[in-house]
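Analysis of the macromolecular model
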Protein chains: 6
Amino acid sequence: MPDAQPGGAVSGRPRGPVDPMALPRFAGAATFARLPRLDEVTSADVAVLGAPFDAGTTYRPGARFGPAHVRASSKLLRPYHPALDVLPFEVQQVVDAGDVGMNPFDIVTAVGQLEAAARRLGGDGLDLLTLGGDHTVALPLLRAVHARHGPVAVLHFDAHLDTWDTAWDAPFTHATPFRRAAEEGLLDPERCLHVGIRASLRARSDLADDEGLGFRVVTSEEFQDSGVAAVVERVRARLGEGPVYVSVDVDVLDPAHAPGTGTPEAGGLTGRELLMTLRGIAGLDVVGADVVEVAPAYDHAEVTGIAAAHVGYELLAVMGRNRIDRAARETT
Amino acid sequence: MPDAQPGGAVSGRPRGPVDPMALPRFAGAATFARLPRLDEVTSADVAVLGAPFDAGTTYRPGARFGPAHVRASSKLLRPYHPALDVLPFEVQQVVDAGDVGMNPFDIVTAVGQLEAAARRLGGDGLDLLTLGGDHTVALPLLRAVHARHGPVAVLHFDAHLDTWDTAWDAPFTHATPFRRAAEEGLLDPERCLHVGIRASLRARSDLADDEGLGFRVVTSEEFQDSGVAAVVERVRARLGEGPVYVSVDVDVLDPAHAPGTGTPEAGGLTGRELLMTLRGIAGLDVVGADVVEVAPAYDHAEVTGIAAAHVGYELLAVMGRNRIDRAARETT
Amino acid sequence: MPDAQPGGAVSGRPRGPVDPMALPRFAGAATFARLPRLDEVTSADVAVLGAPFDAGTTYRPGARFGPAHVRASSKLLRPYHPALDVLPFEVQQVVDAGDVGMNPFDIVTAVGQLEAAARRLGGDGLDLLTLGGDHTVALPLLRAVHARHGPVAVLHFDAHLDTWDTAWDAPFTHATPFRRAAEEGLLDPERCLHVGIRASLRARSDLADDEGLGFRVVTSEEFQDSGVAAVVERVRARLGEGPVYVSVDVDVLDPAHAPGTGTPEAGGLTGRELLMTLRGIAGLDVVGADVVEVAPAYDHAEVTGIAAAHVGYELLAVMGRNRIDRAARETT
Amino acid sequence: MPDAQPGGAVSGRPRGPVDPMALPRFAGAATFARLPRLDEVTSADVAVLGAPFDAGTTYRPGARFGPAHVRASSKLLRPYHPALDVLPFEVQQVVDAGDVGMNPFDIVTAVGQLEAAARRLGGDGLDLLTLGGDHTVALPLLRAVHARHGPVAVLHFDAHLDTWDTAWDAPFTHATPFRRAAEEGLLDPERCLHVGIRASLRARSDLADDEGLGFRVVTSEEFQDSGVAAVVERVRARLGEGPVYVSVDVDVLDPAHAPGTGTPEAGGLTGRELLMTLRGIAGLDVVGADVVEVAPAYDHAEVTGIAAAHVGYELLAVMGRNRIDRAARETT
Amino acid sequence: MPDAQPGGAVSGRPRGPVDPMALPRFAGAATFARLPRLDEVTSADVAVLGAPFDAGTTYRPGARFGPAHVRASSKLLRPYHPALDVLPFEVQQVVDAGDVGMNPFDIVTAVGQLEAAARRLGGDGLDLLTLGGDHTVALPLLRAVHARHGPVAVLHFDAHLDTWDTAWDAPFTHATPFRRAAEEGLLDPERCLHVGIRASLRARSDLADDEGLGFRVVTSEEFQDSGVAAVVERVRARLGEGPVYVSVDVDVLDPAHAPGTGTPEAGGLTGRELLMTLRGIAGLDVVGADVVEVAPAYDHAEVTGIAAAHVGYELLAVMGRNRIDRAARETT
Amino acid sequence: MPDAQPGGAVSGRPRGPVDPMALPRFAGAATFARLPRLDEVTSADVAVLGAPFDAGTTYRPGARFGPAHVRASSKLLRPYHPALDVLPFEVQQVVDAGDVGMNPFDIVTAVGQLEAAARRLGGDGLDLLTLGGDHTVALPLLRAVHARHGPVAVLHFDAHLDTWDTAWDAPFTHATPFRRAAEEGLLDPERCLHVGIRASLRARSDLADDEGLGFRVVTSEEFQDSGVAAVVERVRARLGEGPVYVSVDVDVLDPAHAPGTGTPEAGGLTGRELLMTLRGIAGLDVVGADVVEVAPAYDHAEVTGIAAAHVGYELLAVMGRNRIDRAARETT
């Protein structure tokens with residue numbers, strides 16, 4: 001089973017998932033996709049990072065258990081991604097960097113802890129795929145991304161805009177990360193996009209406010225009316241060139257596809273629509289990503305966890321595909 | 001948060017949902033969409049009414065707990081409906097009229113109790129959105145609608161025709177409401193339509209019988225083959241002008257989208273298809289509606305309850321949109 | 001059905017639960033035990049109050065949905081309590097006072113909101129039975145009780161001591177209410193008692209610290225070794241005369257009896273042991289009580305909710321029994 | 001595996017459960033305990049009969065699926081009962097007689113259908129162990145037992161008395177079977193007993209009424225205070241000599257032990273207490289029995305189903321033990 | 001209700017499902033679709049056979065309980081299939097042949113037991129619809145089909161290729177049936193097709209290996225991009241004339257539609273897509289079929305079981321339709 | 001929080017669980033009790049070992065996921081055990097040794113793999129606490145224990161005897177470990193004991209056979225009749241001096257306390273009875289232990305997992321207590 005051969009520092013080849021013939025997939029430690037831990041390799045390209053935090057939640061809590069759940073649901077991910085023709089764990093060293101310790105009682109402190117951890121890993125040249133946690137975590141992650149890359153495009157999959165101002169006087173919650181990020185100048189206002197929006201809103205002004213922050217909207221209904229390919233085209237047109245941060249709230253999926261989340265809204269995407277759209281951005285310069293709002297207490301049979309794990313896999317495949325293509329371009 | 005300002009009788013403006021900043025969405029009494037109770041306002045336009053009854057069920061019972069479940073699942077509904085550009089709780093006073101006491105042991109008595117309650121509310125000029133209960137409840141509701149509006153078109157979303165004759169000698173069950181309604185002259189036989197039909201039937205004659213009662217059929221498969229827009233067109237063509245009653249059995253949804261129901265059939269609609277179709281009838285004269293057959297004991301993470309709550313929201317938005325447009329037309 | 005006759009202000013008799021013959025138990029609004037709301041009566045003796053809050057939780061969150069769940073699980077509670085030979089809803093006017101709006105993001109603010117609400121109700125002469133929420137809520141409730149009654153005995157049912165100092169620098173969490181209360185002088189250090197303690201501890205010193213605050217311990221194992229009657233005797237001996245506050249964390253029950261809680265520990269009490277112990281304190285001067293840490297997302301078939309609702313019923317029966325006996329003593 | 005050898009008519013020996021070496025326990029048709037169907041043997045002593053009916057339910061419905069669930073949960077029952085030292089399937093021919101077709105919409109008709117089926121089987125000399133269904137079914141079963149044996153003692157395990165009069169004008173519901181049976185003269189008023197009673201009551205008079213019908217009460221609390229042995233003694237003293245009918249409502253168990261039931265009450269028996277009490281009546285002349293109120297939609301991991309299946313097994317073992325002892329006595 | 005009239009040997013007409021008016025659908029023995037058992041008829045055309053086996057599973061086990069679960073989930077299937085205009089239980093005698101006893105500890109033995117049973121039934125002229133069990137069972141079933149029909153086309157619905165070689169040295173597992181079948185010459189290498197493939201693979205070579213065995217691939221994404229009709233066309237083009245074996249692994253469905261399976265992969269088919277594709281092969285010569293990998297412990301509200309039961313119904317309808325058409329052709 | 005200070009090799013003090021203030025209990029890698037991995041310390045005394053295997057199961061499979069589930073359920077275990085007054089993670093270095101790779105398709109191979117791993121760890125002087133897996137794993141573990149300690153007493157908690165001979169010709173299954181162990185001379189036939197036995201048996205001879213192998217029986221009913229203290233006395237009398245191996249099948253618990261298991265039987269122990277009995281053997285020379293048969297797919301809210309984790313904690317506390325006492329004895 002050469003695709004699972006441990007390599008890492010020894011061989012110069014990235015070290016991949018644990019060989020299932022040595023340890024069956026239902027066994028062993030639950031790192032993401034059974035990948036090595038950060039401390040098991042000498043260098044790495046991409047880190048999967050847990051942000052176990054849900055103190056910014058307005059409805060159902062529980063996303064603090066999200067990272068563990070997504071990891072447990074990722075054990076069937078295998079080395080080869082046929083649609084993008086890439087071996088995401090071989091063309092780059094992907095590791096699991098564990099969870100960041102975040103204060104469960106003080107949002108500001110917690111946000112700072114995650115930002116510090118993300119900056120530290122980013123400083124080591126690692127791209128991050130973060131497993132939430134509630135959507136509050138996107139702000140400190142964007143701060144760290146901005147520190148490395150300057151203003152970025154945000155491709156945001158969600159049922160909700162997440163550009164509210166404050167709630168109960170709190171500036172940092174799962175409903176506000178992208179407003180804060182825009183205010184802090186972390187985003188490129190010409191290249192931000194929400195995908196999958198559908199929920200009822202507080203007021204007509206919500207949409208105008210949102211647009212003023214630099215976002216455009218692809219609704220869930222557009223998938224029904226126009227299909228995935230047309231959405232992908234719109235997405236690519238909006239994102240253009242330059243660094244992209246992808247933030248996936250699993251509530252972008254229909255509750256049938258993601259029951260285990262905190263703010264469920266009927267009428268969402270299927271898992272297949274989401275995965276194909278993500279795959280469709282191959283070639284764009286994805287410099288970081290997150291998958292958030294998995295609340296396992298409401299999940300069943302890991303339906304939500306598996307969807308989130310596959311979202312992570314698609315993102316890693318896109319990153320890997322880009323790495324190969326970039327290398328090829330640089331060679332020629 | 002002006003959209004949640006209590007108004008009601010005092011201000012002359014409709015009183016909306018409880019302000020979430022005063023009482024978070026996970027708190028407070030579970031009226032539909034956190035709206036005021038009927039006894040809290042001086043006048044109202046639309047009443048959400050519970051019909052907790054399941055003695056007419058042939059397979060899985062439990063819809064007696066449906067109204068409470070749909071209300072509990074409706075707490076995230078917000079004031080503004082972007083697709084129809086309407087504030088359904090502001091352009092009309094919507095209230096929760098509570099549950100009707102229905103005899104759980106005697107179907108005929110229970111049917112009479114609901115009819116009486118519906119006539120009383122209708123007599124006060126209230127349009128009803130009823131939360132079932134099993135589909136037996138549609139008959140007394142149609143009787144009350146007929147008393148106000150004469151024969152109506154029925155737009156019926158369901159996996160099943162519900163035009164059987166009797167079962168175990170019982171004339172009033174969840175399998176028979178539309179046959180009884182047709183026999184009683186409550187329906188306009190030129191304008192009735194089933195949408196989402198797919199289940200296996202007892203006999204070839206079921207379809208012919210059904211057609212004889214004035215119904216036409218849009219199957220679930222037509223959504224797959226032709227898409228929502230084409231279905232909407234067929235629906236509008238069939239319903240035409242005049243009063244329309246909308247009856248939504250949640251089993252029109254695929255079991256993945258509505259596990260919590262009594263007579264599940266594979267191959268159904270997605271939540272998005274259902275919501276978009278409902279939205280598509282804006283402009284038609286909806287004079288009453290129901291959402292039935294939510295059986296919470298089989299639900300998970302409120303997946304079914306949320307779908308049903310959104311169905312209710314779409315219907316209220318359609319009613320509100322129509323109210324504005326009618327007012328606009330009358331003004332000019 | 002005279003025991004369910006509405007009385008209230010009109011008749012001078014307390015108004016009891018909704019008559020199930022008028023509205024079956026599976027129907028109607030979910031006030032605790034189907035009792036009237038506070039705003040439906042002219043005066044009341046005891047208020048059931050919801051404290052939907054879980055931002056003080058260290059492990060599984062979700063107790064913010066606790067009040068709604070316990071109310072929904074209380075629909076089968078009937079008027080007559082045979083063991084104490086009392087009609088708890090007839091000898092005193094019990095009402096449901098709804099939920100207190102508590103800030104989900106700021107513990108200090110939320111604690112203040114609950115304290116204010118409890119003081120207000122206490123100021124009106126109402127005794128409180130509070131439905132949590134996590135155990136953080138006990139502190140503001142004790143403050144309000146102290147304002148009316150001075151230092152009180154605490155009878156605390158729990159797997160844990162809840163007398164930690166701080167965690168992540170936060171002084172007010174679900175692990176600290178009784179330390180804070182002791183420090184603030186709210187408790188009578190000669191009359192406090194934990195019942196059901198069993199969990200592993202952080203350090204040997206935990207127990208000594210706890211004893212220093214005025215608490216003694218009845219372990220879960222004592223129920224096994226000595227039986228309920230012996231425990232009741234110990235409890236009564238410790239509590240003696242004077243006002244008593246009863247705080248019941250449902251995690252005092254074994255996880256088999258209360259899966260729906262945030263910090264489950266094996267080896268706990270059965271529901272019957274808990275109910276009989278509560279019943280055993282009849283005659284003591286219970287001036288307030290709470291039932292906390294019901295986390296519905298982890299419950300099944302309302303097993304935890306039903307246990308918590310019955311805990312509330314026992315406490316109301318004890319209060320009612322005392323009220324009669326006090327009246328009898330005062331008469332003679 | 002001689003204990004599973006098929007015998008039946010051919011060998012003259014009773015035919016037992018399907019041999020698990022031929023067909024593993026997780027496979028094969030779900031007759032009770034994998035026993036033969038009635039139509040597979042030439043003669044039989046005891047029939048397990050399904051009464052799939054729940055139209056007499058006042059709270060959670062679903063017991064119509066009870067017989068199928070208890071059968072599916074009975075697959076691990078093995079041939080030898082060590083405590084009573086009996087092979088219940090070898091000392092008597094036990095068969096599964098399938099389900100009785102009962103009208104789901106008309107209680108009176110359904111009660112008649114069950115009575116007719118029970119009389120027919122009783123006429124063939126079969127003792128019945130009936131799987132409910134809600135407790136309504138006890139009345140027609142007692143009528144059939146009375147037809148064969150005259151007035152019988154009833155040993156009734158339940159949280160509730162089930163001796164209400166009518167509810168919503170219905171005389172035959174799950175709350176009334178033993179009042180109706182007493183009125184019809186089916187019971188021996190000197191020998192009836194409820195065991196496990198604990199729920200709150202409608203009024204103080206409920207108990208007096210019940211006693212007037214010939215019942216005495218062993219509460220759930222007596223198990224805690226006095227232990228199983230003392231309860232067994234009380235039971236045997238009350239039942240004395242003569243035919244006994246045993247009716248077990250699974251809600252006699254604590255909700256932790258029987259979540260899957262329709263009217264759950266906290267503070268109930270453990271499974272072990274129930275099984276040991278049943279075992280304790282060996283020697284009494286059990287002429288019929290039922291296990292009712294299993295509502296599978298609320299069960300988890302067959303916890304309730306397994307408890308009910310073991311209740312059935314204990315009852316069959318008691319019947320078998322009696323058959324041997326009677327034969328031994330008759331021989332000498 | 002003539003469509004449920006028992007006929008069988010007596011009338012010369014096939015005997016259909018149990019009449020629901022005699023025994024409601026929630027009652028009675030759980031044969032597939034409430035059809036007669038094999039031993040209840042004198043001759044039959046199609047047998048539904050259970051293969052309760054999961055020792056070949058690499059991830060979540062539990063498919064050993066699959067046959068019982070699919071049968072329990074099939075109770076709502078009715079006599080008439082409108083889309084194909086056929087009465088599948090009337091144009092052919094369909095029976096339930098029960099479960100095959102398969103050794104749970106020895107795969108080779110178990111495979112032999114199933115092959116023997118399938119050959120025996122095939123020898124009696126019965127076509128088989130087998131309910132798994134894990135996918136290991138496809139190999140012995142194909143051996144038996146080959147014995148009757150020679151090499152067959154395989155139409156294989158699955159997320160996975162199932163053409164691995166060995167795993168942990170075992171040649172017969174749920175990941176290998178079609179490689180073994182190809183090696184044994186059971187398949188027509190020009191006419192095999194996988195539908196619904198989407199999972200990540202072990203290596204790029206997996207696809208080439210698979211193609212070398214005679215398979216082509218329709219991915220799940222093709223349903224999204226091209227629609228069901230286009231897929232059906234591709235399927236029919238590949239399968240052409242000659243005998244076809246259809247093997248449906250329920251994991252071809254998205255986990256939202258089939259949570260109860262052993263190797264779930266995000267991004268799969270909807271139930272409607274699967275059913276319509278199956279229906280689309282009407283006219284092809286289906287000589288056998290299976291539905292496998294239903295693992296009930298992970299199912300909820302029978303969502304997976306219902307989907308699998310409907311898959312079975314579609315296959316029986318296709319077989320029935322073909323039987324009529326063939327007869328019609330032979331007549332003319 | 002000194003009790004959680006990392007020490008390990010550096011400080012000479014054992015390294016304990018991860019400090020929850022650094023990483024909250026809901027976060028971080030799921031080693032047992034958040035202890036260090038074996039590769040993180042320089043030496044260790046006790047290893048927690050996972051044996052993810054369930055190919056020896058006769059009814060519900062799924063124990064292959066047991067080790068991961070018990071670890072996830074162990075996160076609330078804290079450093080101090082008050083009843084035994086011991087710090088189990090401080091008086092001995094306890095580590096998590098991960099899972100053994102066991103062949104899922106070949107029982108003999110898998111048994112060999114576990115034996116080899118256990119011998120290797122035992123050779124390094126480590127005592128083992130093994131997390132199953134099904135009960136098949138006890139045999140290889142006993143072989144490894146025997147290699148170090150010679151014949152041992154077995155204290156076996158279970159509903160079943162597990163001394164069958166073969167099933168479907170397989171010698172090594174979850175029903176046979178103690179017969180095989182006795183035949184291989186691994187056990188001291190004067191000191192073996194089953195505790196909690198209650199299930200129905202295949203035949204009267206089962207008990208005699210079992211006694212012949214050196215076992216005595218404490219039934220579940222003895223806990224009810226005599227209490228825990230009396231059972232503990234019987235246990236200590238039987239086990240006497242010399243090495244003891246403790247094997248805990250979670251099905252010794254009542255299904256209410258352990259729904260998540262493979263062969264559930266009604267009428268079992270409570271969690272508290274089991275934990276107190278385990279605690280009662282402090283002072284005996286426990287040289288190894290296992291907790292087996294946790295099948296997570298049937299668990300709810302980790303009820304079974306938490307019970308199993310606490311069983312492990314009691315066993316580690318007993319081992320630690322003994323270590324201190326031994327050291328104290330050796331000092332004096």
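Model, not experiment: these values are computed from the prediction.

Quick look at the pattern of salt bridges
Residue and element names in this part refer to chain E. Scanning the entire structure with this criterion turns up 161 salt bridges over all chains. Its salt-bridge partner being Glu-115, residue Arg-119 comes within 3.0 Å of it at the nearest N-O pair. Here Glu-115 and Arg-119 lie together in helix 3 (residues 107-123), a separation of four residues that amounts to about one turn. The partly exposed category is assigned to Arg-119, whose relative accessible area is 42%. Given the relative accessible area of 14%, Glu-115 is considered buried.

Describing the interface of chain C and chain B
The interface of chain C with chain B comprises 16 residues on the first partner and 16 residues on the second. Roughly 1300 Å² is buried in total at the junction of chain C and chain B, and carbon and sulfur atoms are behind 65% of that figure. For chain C, the biggest contributors to the area lost against chain B are Phe26(C), Arg37(C) and Asp99(C); these three give 39% of the whole. There are zero salt bridges connecting chain C and chain B. For the pair chain C and chain B, the number of links is two residue pairs in polar contact (both at pLDDT 80 or more). Split into classes, the residues belonging to the side of chain C that touches chain B amount to ten nonpolar, two polar and four charged.

Some points on unusual backbone geometry
A cis amide bond links Gly132(A) with the next residue in sequence, Gly133(A), at an omega value of 10 degrees. Along the polypeptide, Gly133(A) turns up in the loop between strand 3 (127-132) and helix 4 (138-149). Look at Ala301(E): it is not a glycine, yet its phi comes out positive at around 55 degrees. Among the secondary structure elements, Ala301(E) is positioned in the loop between strand 8 (285-292) and helix 10 (303-331). Accessibility expressed as a relative area gives 17% for Ala301(E), which makes it buried.

Things to note about the sheet that holds strand 2 (residues 94-99) of chain A
All names here are of chain A. Here eight strands make up an open sheet; going across it, the order is 2-1-3-8-7-4-5-6 and the pairing parallel. Pairing within the sheet leaves two strands with one partner each, and these edge strands are strand 2 and strand 6 (215-219). Strand-to-strand, the axes of this sheet are offset by a mean angle of 15 degrees, without reference to chain direction. In this sheet, strand 5 (residues 192-197) lies alongside strand 4 (residues 153-157) in parallel orientation, the contact comprising three bridges. By the bridge assignment, Phe-157 is partnered in strand 5 with Val-195.

Thoughts on the packing of aromatic side chains
On inspection of all chains with the given rule, the structure shows 30 aromatic pairs over all chains. Their ring planes at 75 degrees and their centres at 5.7 Å tell us that Phe105(A) and Trp168(C) sit as a pair that is edge-to-face. Here the residue Phe105(A) occupies a position in the loop between strand 2 and helix 3 (107-123), and Trp168(C) occupies one in the loop between strand 4 (153-157) and helix 5 (177-183), the pair thus bridging two chains. You'll find Phe105(A) and Trp168(C) in the same group, each marked buried. Taken together through their ring pairs, the aromatic side chains of Phe26(A), Tyr59(E) and Phe65(F) make up a single cluster.

Re the interface of chain A and chain E
The partner chain E presents 34 residues to the 33 residues of chain A that form the contact. Taking both partners together, chain A and chain E bury about 2900 Å²; carbon and sulfur atoms supply 60% of that area. Taken as a group, Arg78(A), Tyr80(A) and Arg272(A) account for 26% of the area that chain A buries against chain E, more than any other trio of residues on that side. Our enumeration of links across chain A and chain E arrives at five salt bridges. Taken together, the links from chain A to chain E amount to 13 residue pairs in polar contact (both at pLDDT 80 or more). Looking at the side of chain A that touches chain E, the elements with two or more residues in it are helix 9 (271-279) and helix 10 (303-331) of chain A.

Re the relation of the copies chain A and chain E
Overlaying chain A with chain E gives an RMSD of 0.0 Å, the required rotation being 120 degrees about an axis along which the chain moves by 0.0 Å. Those values place the two copies in the arrangement expected of a three-fold rotation axis. Among all residues of chain A, the minimum C-alpha distance to the rotation axis is found for Ala256(A), at 3.3 Å. Residue by residue, only 9% of the interface of chain A is reproduced at the interface of chain E, so the copies engage with different surfaces.

Digging into the relation of the copies chain C and chain B
The transform that puts chain C on chain B rotates by 180 degrees and translates by 0.0 Å along the axis, for an RMSD of 0.0 Å. Classification of the inter-copy transformation places it as that of a two-fold axis. Counting the interface residues of chain C, we find that 100% of their copies in chain B are interface residues as well, pointing to one common contact surface.

Section: the sheet that holds strand 1 (residues 46-51) of chain F
Residue and element names in this part refer to chain F. With parallel pairing, the eight strands of this open sheet are ordered in space as 2-1-3-8-7-4-5-6. The strands lining the two open edges of the sheet, one partner per strand, are strand 2 (94-99) and strand 6 (215-219). Neighbour-to-neighbour, the strand axes of the sheet open up by a mean angle of 15 degrees, direction not taken into account. Note that strand 7 (residues 243-249) and strand 8 (residues 285-292) share seven bridges and pair parallel. The residue of strand 8 that forms the bridge with Val-248 is Val-291. Sheet strands in contact with helix 4 (residues 138-149) are strand 3 (127-132), strand 4 (153-157), strand 7 and strand 8, and its direction is about 170 degrees off that of strand 7. On top of the sheet, helix 6 (residues 205-212) reaches strand 5 (192-197) and strand 6; it is set at about 125 degrees to strand 6, its chief contact.

A closer look at helix 4 (residues 138-149) of chain B
All names here are of chain B. The terminal C-alpha atoms of helix 4, which comprises twelve residues, lie 16 Å apart, in line with the 16 Å expected from a rise of 1.5 Å per residue. Every buried residue of helix 4 is accounted for by Ala-138, Leu-139, Pro-140, Leu-141, Leu-142, Arg-143, Ala-144 and Val-145. Residues of helix 4 that are buried sit in contact with helix 3 (107-123), strand 3 (127-132), strand 4 (153-157), helix 5 (177-183), strand 7 (243-249) and strand 8 (285-292). One or two positions beyond helix 4, positive phi appears at Gly-150, with a value near 75 degrees.

As for the confidence of the model for chain A
For chain A, per-residue confidence averages 95 on the pLDDT scale, and residues scoring 70 or more make up 97% of the total. Model confidence for the complex is summarised by a pTM of 0.97, with the ipTM given as 0.95.

How each quantity is defined
Residues numbered from 1 in each chain as written. Chains lettered and ligands numbered in written order. Predicted model: local features only at pLDDT ≥ 70, side-chain atom pairs only at ≥ 80, totals over all residues. Heavy atoms only, no water. Salt bridge = Lys/Arg side-chain N within 4 Å of Asp/Glu carboxyl O. Helix = DSSP H or I, 4+ residues; strand = E, 2+ residues; numbered from the N terminus. Buried < 20%, exposed > 50% of the residue type's maximum accessible area, 1.4 Å probe, protein only. Contact = heavy atoms within 4.5 Å. Buried area = accessible area lost by both parts, 1.4 Å probe. Polar contact = N/O pair within 3.5 Å; in protein donor to acceptor, adjacent residues only side chain to side chain. Nonpolar A, V, L, I, M, F, W, Y, C, P; charged D, E, K, R; others polar. Pairing = 2+ DSSP bridges. Axes fitted to C-alpha atoms, helices over the stretch in contact; angles between N-to-C directions. Phe/Tyr/Trp six-rings, centres within 6.5 Å; stacked < 30°, edge-to-face > 60°. Least-squares fit on C-alpha atoms with pLDDT ≥ 70 in both. Expected span 1.5 Å × (residues − 1). pLDDT = per-residue confidence, 0-100.

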